[in-house]
Amino acid sequence: MQASFASLGQLVKFAYDATGVLPKKRDEKTALTDKDVKRIQKQLERLADEKGSLLDRCGELIRTLAYELAGTIQSEKIGSAVGDCCIDLLDVYNHIVRDEGTYLSPRDSLRWFASAYAVPRLVLSIQKHFVRFNIAAEGLVHPAEGDWYLPEISDDSITWPLEKAMQWIYTYCNTSPTHFHCAGKTYLESDAEMRQNLENASNWRRNQNLPSWAGLHWNFSRSIDRLVVAKGPAARAISAKEKESMLYVLFLARLSTYVAKQVYEAYGKDVLTDLLSRFKRQQDWQINDLKVLRSTTKNYIEQEKIAQHDHDAVWFKFSERYWRWFADRSSHCGQTLQALITTAEDHSVPETQVRQLCEKYSEYTVRSALDLLTCASELKNPPFFAEALFKGMELSKSSGTTLQEIDAYEIEIRENGVLHCIEWMVHWNRALFHYRNEQDSEAFEHISITFEMAKYTAGSSQYKIVNQFIEIAAKNDSWQCFKHGVAWATYLGISVRWLREDEPTEANLREVFDLMKLPHFRYAV
């Protein structure tokens with residue numbers, strides 16, 4: 001299978017599936033009409049095609065997702081925190097695609113990304129935005145156990161977060177599932193909707209299927225409302241804040257359950273266990289850092305006698321300042337560790353020195369950096385991959401490279417079993433050969449293949465590849481391909497030659513397109 005990361009379209013589709021905003025059944029109660037659902041599905045298909053402005057299409061889908069969630073997540077703070085966590089993960093993913101590259105299959109690339117980057121970033125983002133938006137001040141209730149939103153894995157079973165959340169709600173309301181969903185009536189006494197709600201909830205608890213967020217929200221909202229107005233002993237005094245809290249717990253539990261089940265089904269229990277261990281480990285390392293931030297902010301509010309209505313602004317300001325300092329400290333720590341590892345004979349840092357560094361930089365900063373290095377060291381290059389990459393780069397740099405040499409290179413990497421990791425390099429060298437010989441039609445054929453193959457594979461080599469694709473598209477008078485290349489570059493933050501910091505307006509793009517069309521306009525390659 002061709003080496004690659006997951007595509008942008010696949011990631012956004014995953015975000016929609018994980019949050020569950022699209023109904024699974026036509027009769028599910030939701031604000032979305034059939035027309036809305038079809039429109040969103042069409043938008044997802046267009047993003048998957050990666051034609052046009054990726055930034056615009058991705059932005060439109062993210063705004064739609066945020067809008068749909070806002071209908072059920074009423075707290076602006078929580079909505080912003082969830083959204084910012086998603087954006088943080090997308091930013092990290094884009095950085096990896098642009099700068100790191102991969103030689104692994106999409107399945108293995110995703111597993112590596114989850115271990116090395118997604119889990120650490122998610123742990124940091126959850127804590128960062130929880131404090132930044134002062135969510136603690138919302139007075140929400142939630143399960144007492146710290147990891148209620150994570151699966152519990154034993155030797156022979158897995159308890160998923162949604163099951164734990166539902167049981168917590170029944171216990172919190174001091175009622176059984178039957179009385180919760182049927183508001184004090186027996187199963188036979190209840191109406192059709194009550195019975196359906198109970199049956200659906202029972203299926204969800206038995207893990208027979210996972211509901212959409214719309215279906216889950218409707219079921220529990222209706223059941224809670226009925227409990228509040230029920231007569232006699234069946235009635236429960238549930239405040240609006242408590243109901244809101246229960247729905248937030250259900251949302252996060254459903255989201256976590258979806259993601260964890262996807263990991264389990266794709267990679268098995270051992271990988272899920274490893275990711276959960278990494279998550280909890282990173283969480284534990286963060287405790288002291290967060291204590292410092294919280295105590296500093298609380299002390300300032302008390303000493304300065306900040307008015308209640310200004311507390312959120314203070315938490316936001318102190319958090320922004322703290323995390324900027326945190327990023328600088330992490331960068332300096334990374335440089336220190338790299339220097340120590342490089343100079344050590346066994347390329348490791350002894351535990352005594354690690355503890356000293358923890359005192360200077362904090363346990364989280366040091367141990368999370370070492371965890372990343374360990375994760376990277378666990379990756380083993382396929383045999384001959386490093387040599388193949390180096391040789392391909394040398395061919396690309398030489399103006400004297402011949403087609404015969406490129407053909408021999410392709411045969412060599414095929415025979416050594418790494419063609420699937422680096423096939424884009426073969427087409428890139430062919431494109432460069434034809435470009436140097438001003439054979440623009442042939443160059444366009446190969447740079448087009450290179451561009452598509454390299455998108456989620458070639459890492460930092462994309463700067464040259466994307467810019468060459470843009471220029472050669474112009475030389476072949478392909479306005480659509482030219483714009484397609486600029487859209488990808490803009491999305492990833494790759495600078496486009498002769499456009500640079502200018503906005504990619506129609507007029508600016510036409511100016512660059514006309515310049516690059518000129519036969520004598522050629523970069524030295």
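Going by the structure above, here's the rest.
Thresholds, definitions, all that
- Position labels on residues start from 1 in each chain and follow its written sequence.
- Whole-chain, interface and lining totals are the exception, using all residues; otherwise, since this is a predicted model, local features are given only for residues with pLDDT of at least 70 and side-chain atom pairs are given and counted only at 80 or more.
- Note: side-chain values were computed over all heavy atoms of the structure, leaving out hydrogens and water.
- Elements are defined by DSSP. Helices are runs of H or I of four residues or more, strands are runs of E of two residues or more, and each kind is numbered from the N terminus.
- Only protein chains enter the accessibility calculation, which uses a 1.4 Å probe. A residue is then buried if its area is under 20% of the maximum for its type, exposed if over 50%, and partly exposed in between.
- Residues count as neighbours in contact if any of their non-hydrogen atoms are within 4.5 Å of one another.
- Here the open area of atoms and residues is found with the Shrake-Rupley method and a 1.4 Å probe, where only the protein chains shown may cover a residue.
- In this count, Lys and Arg are taken as positive residues and Asp and Glu as negative ones, while His and the chain termini are left out.
- A charge is said to be at NZ when it belongs to Lys, at CZ for Arg, at CG for Asp and at CD for Glu.
- The definition of a nonpolar core used throughout is a set of buried Ala, Val, Leu, Ile, Met, Phe, Trp, Tyr and Cys residues joined through side-chain atoms within 4.5 Å.
- Polar contact is defined as a pair of N or O atoms within 3.5 Å, subject to the rule that within protein one atom must be able to donate a hydrogen and the other to accept it, and that residues adjacent in sequence are counted only when both atoms are side-chain atoms.
- One speaks of a salt bridge when a side-chain nitrogen belonging to Lys or Arg is within 4 Å of a carboxyl oxygen belonging to Asp or Glu.
- One fewer than the residue count of a helix, multiplied by 1.5 Å, yields its expected span.
- Relevant arc is that of directions from the helix axis to the C-beta atoms, nothing else.
- Comment: axis = line fitted to C-alpha atoms, over the contacting stretch for helices; angle = value between 0 and 180 degrees taken between N-to-C directions.
- Comment on the angle field: the value is read as roughly parallel under 35 degrees, roughly antiparallel over 145, roughly perpendicular from 65 to 115, and oblique elsewhere.
- Gly falls in the polar group here, along with every residue not listed as nonpolar (Ala, Val, Leu, Ile, Met, Phe, Trp, Tyr, Cys, Pro) or charged (Asp, Glu, Lys, Arg).
- Here the aromatic set is Phe, Tyr and Trp, taking the six-membered ring for Trp, and pairing holds for ring centres within 6.5 Å; pairs whose planes are under 30 degrees apart are stacked, those over 60 apart are edge-to-face, and all others are tilted.
- The criterion for a charge sitting over a ring is simple: Lys NZ or Arg CZ within 6 Å of the ring centre, and within 35 degrees of the ring normal.
- Crossing handedness follows the turn of the near helix against the far one: under a right angle anticlockwise gives a left-handed crossing, and clockwise gives a right-handed one.

## Let's talk about the overall build of the protein
A tally of regular secondary structure across the protein gives 21 helices and 2 strands. Over its C-alpha atoms, taken along the principal directions, the protein stretches across nearly 90 × 60 × 50 Å. Expressed as a percentage of its 525 residues, the buried residues of the protein come to 48%. The long-range fraction of contacts in the protein, counting pairs at least 24 apart against all pairs at least 6 apart in sequence, stands at 72%. Of the roughly 26,300 Å² that the protein leaves accessible, carbon and sulfur atoms contribute 53%. Taking the average location of the 63 positive side-chain charges in the protein and that of its 71 negative ones, the two points are 5 Å from each other.

## Examining the nonpolar core
In terms of nonpolar packing, the biggest core is built from 123 residues, with Leu8, Tyr16, Phe220, Leu250, Trp424, Phe482 and Trp488 touching the most fellow members. Listed in part, the 13 residues of the second largest apolar core include Trp285, Ile301, Val314 and Trp323.

## Here's the deal with the environment of Ser157
Along the chain, the position of Ser157 falls in the loop between strand E1 (152-153) and strand E2 (158-159). Distance in space between the C-alpha atoms of Ser157 and Trp325 is 43 Å, their sequence separation being 168 residues. Only 2.8 Å separates the side chain of Ser157 from the side chain of Ser154, close enough to count as a polar contact.

## Looking at the pattern of salt bridges
Counting across every chain of the model gives 32 salt bridges. Notably, a salt bridge pairs Arg98 with Asp99, separated by 3.3 Å at the nearest N-O pair. A relative accessible area of 26% places Arg98 in the partly exposed class. Linking Lys164 and Glu152 is a salt bridge whose minimum nitrogen-to-oxygen distance equals 3.6 Å. With Lys164 in helix H6 (residues 161-172) and Glu152 in strand E1, this pair connects stretches of sequence that are 12 residues apart. The network of salt bridges with shared partners includes Asp274, Arg278, Arg281 and Asp371.

## Structural notes on helix H4 (residues 76-99)
Counted at 1.5 Å a residue, the expected span for H4 with its 24 residues is 34 Å, and the 34 Å between its end C-alpha atoms agrees. Within H4 the residues assigned to the buried category are Lys77, Ile78, Ala81, Val82, Cys85, Asp88, Leu90, Val92, Tyr93, Asn94, Ile96 and Val97. Backbone geometry just downstream of H4 places Gly101 in the positive-phi region, at approximately 75 degrees.

## Some remarks on helix H16 (residues 403-415)
An α-helical segment advances 3.6 residues per turn. Residues three or four places apart therefore align on the same side. Here H16 spans 18 Å end to end across 13 residues, near enough to the 18 Å set by a 1.5 Å rise per residue. Here H16 has its buried residues at Ile406, Tyr409, Glu410 and Ile413. The arc that holds every buried residue of H16, seen down its axis, measures 100 degrees, which confines them to one face. Seen from the open side of H16, the exposed residues pointing more than 90 degrees away from its buried face are Gln404 and Glu415.

## Topic: the packing of helix H1 (residues 8-19) against helix H10 (residues 240-267)
Between two packed helices, the angle of one axis relative to the other and the distance separating the axes together describe the packing. The interhelical angle for the contact between H1 and H10, taken along N-to-C directions, is 130 degrees, at an axis separation of 8 Å. Taken together, the axes of H1 and H10 are oblique relative to one another. Contact residues: H1 offers Phe14, Asp17, Ala18 and Thr19, while H10 offers Phe251, Arg254, Leu255, Tyr258, Val259 and Gln262. Considering only residue class, the contact of H1 with H10 consists of 6 nonpolar, 2 polar and 2 charged.

## Concerning the packing of aromatic side chains
Summed over the entire model, instances satisfying the criterion amount to 31 aromatic pairs. For the pair Trp168 and Tyr172, a centre-to-centre distance of 5.3 Å together with 40 degrees between the ring planes defines the contact as tilted. Placement of both Trp168 and Tyr172 in helix H6 is noted, with a separation of 4 residues, approximately one turn of the helix. Residue class for Trp168 comes out buried when judged on its relative accessible area of 15%. A residue is classified by how much of its surface remains accessible, and Tyr172, at 34% relative accessible area, is partly exposed. Each member of the aromatic cluster is reached from another via a ring pair, and the members are Phe5, Tyr93, Trp112, Phe113 and Tyr117. Lying across the ring of Tyr435, Arg522 places its NZ or CZ 5.0 Å from the centre.

## Details of the packing of helix H8 (residues 192-205) against helix H9 (residues 213-229)
One way to put it is that H8 packs onto H9 with a least axis distance of 10 Å and a crossing angle of 125 degrees. When the axis of H8 is compared with that of H9, the two are oblique. Every pair of crossing elements has a handedness; the one defined by H8 and H9 is left-handed. For the pair H8 and H9, contact is made by Glu193, Met194, Asn197, Asn200, Ala201 and Trp204 and by Gly215, Leu216, Trp218, Asn219, Phe220, Arg222, Ser223 and Arg226, respectively. When the residues that make up the contact of H8 with H9 are grouped by side-chain class, the tally is 6 nonpolar, 5 polar and 3 charged.

## Quick notes on the side chain of Ser7
Structurally, Ser7 can be placed in the segment before H1. Judged by its relative accessible area of 15%, Ser7 falls in the buried class. If we ignore the near neighbours within four places in the chain, the residues touching Ser7 are Glu50, Tyr93 and Tyr456.

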